[in-house]
Amino acid sequence: MEKIRVENVSKIFGKNVKEALALVKQEKSKTEILKETGATVGVYDTSFTVNEGEIFVIMGLSGSGKSTLVRLLNRLIEPTSGNIFIDGANISTMNKEALQKVRREQMSMVFQNFGLFPQRTLLQNTEYGLEVRGMPKAERREKAEKALENAGLLAYKDQYPNQLSGGMQQRVGLARALANDPQILLMDEAFSALDPLIRKEMQDELLELQDNVQKTIIFITHDLNEALRIGDHIALMKDGQIIQIGTGEDILTNPANDYVRSFVEDVDRSRVLTAENIMVRPISINIELDGPKVALQRMREEEVSLLIAVDRHRNLQGYITADDAREAVKQGQKDLRTYLHTDIETVAKDTLIQDVFNVIYDARTPVAVVEGKRLLGVIIRGVVIEALAKTEEVES
């Protein structure tokens, strides 16, 4: 379900706004507009939608317009033109009182510098948004303590921000934002100031939190690996324009132009591409219907020495080897279930290639790719090695 819709939004900074906006409509470049009018285009005729419950990442280099864009979504920066809809309501035309209500009740923002009040305890910081809304003290304290508990920080509630590490301060900032129970969470470079290991932990925490609370999250970053790791969809910006929107896999495998191609060329694909990307068609038999002679015939046709066994619903059952099938023929057995091996490694379709390698390294059989119990495909060691080799070629 659509949560946010942005339609043809532009932001012009400086004088000669009307002239600059006219040039935007003529599809003049940001540099041309600056040269002709002296005005700077922060965001350039941007349109996109965000679905409820997804993490939508807006990324780009410094000066690309990403932070301006996220501030347009709650009108911390006023748009020059265009419309922004939240649940179908146009916040671009709301009066001050209606906009304030949306900011307090539907949106929260988490900043790069944490934004904590140094003179307030963690509990008081977390209560702040609820206090502004006029919530009674006992109720807001209960909600704030619950938010701190979810962040693993309740034991520190009476401490002050300067007594905490950067990672812990950022978790307080996130707890404060979530204490308001917003529908939309805006995160502007929220993890950029953190050390790499802490940053990864915060990414993990955000994904785990999202599994539980299912907020609509707009996440701003300049780090493509971060975007690929957490984003359901990614919008890549340059000079105030969105160049491409898609899933991480879309952007990696089908870059829209040379700029996107150069942007993604250094990405470690083993950390992005998944089992689904490298699996091959499984050579299988229906263990409920097929006998040993059918199994041997299929092995000869496919030039393999084992078959993956499934039931009539294509649920994975195990595997049968050529020796098993020959022994069954020798013994006059027609039911192969007696000879079924169940010690087959499995992975989910969204398992990263680098993690598949750890599974397949010592595996005696191809690794089965499953969704629930249903067999989708198999992965063989050679395909994994080839995928990792291609990654190394891209990086070199």
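Described below are features of the structure shown in this document. Everything numeric in this text was worked out from a predicted model, so none of it was measured.

Turning our attention to the pattern of salt bridges. Per the counting criterion, the structure on display carries 21 salt bridges. A salt bridge links glutamate 131 to arginine 120; its shortest N-O distance comes to 3.3 Å. Of this pair, glutamate 131 sits in helix α5 (residues 122–132) while arginine 120 sits in the loop between β6 (107–110) and α5; the two residues are eleven residues apart in sequence, bridging distant segments of the chain. Assessed through its relative accessible area of 32%, glutamate 131 is described here as partly exposed. For arginine 229, the salt bridge goes to aspartate 204, with nearest N and O atoms at 2.4 Å. Taken as a pair, arginine 229 in helix α9 (residues 224–230) and aspartate 204 in helix α8 (residues 196–213) lie far apart in primary sequence, 25 residues in all. Exposure remark for arginine 229: the relative accessible area of 32% places this residue in the partly exposed category. The network of salt bridges with common partners includes Glu2, Arg5 and Glu7.

The strands that make up a sheet are held in pairs by hydrogen bonds between backbone atoms, and each pair lies either parallel or antiparallel. Spatially, six strands are ordered β6-β7-β8-β3-β9-β10 in an open sheet, and the strand pairing comes out mixed. Here the strands that pair on one side only, and so sit at the sheet edges, are β6 and β10 (241–246). This sheet shows a mean twist of 15° between the axes of neighbouring strands, independent of strand direction. Here five bridges tie strand β9 (residues 233–238) to β10, and the two strands are oriented antiparallel to one another.

Quick notes on the rules
Residues numbered from 1 in each chain as written. Predicted model: local features only at pLDDT ≥ 70, side-chain atom pairs only at ≥ 80, totals over all residues. Heavy atoms only, no water. Salt bridge = Lys/Arg side-chain N within 4 Å of Asp/Glu carboxyl O. Helix = DSSP H or I, 4+ residues; strand = E, 2+ residues; numbered from the N terminus. Buried < 20%, exposed > 50% of the residue type's maximum accessible area, 1.4 Å probe, protein only. Pairing = 2+ DSSP bridges. Axes fitted to C-alpha atoms, helices over the stretch in contact; angles between N-to-C directions.

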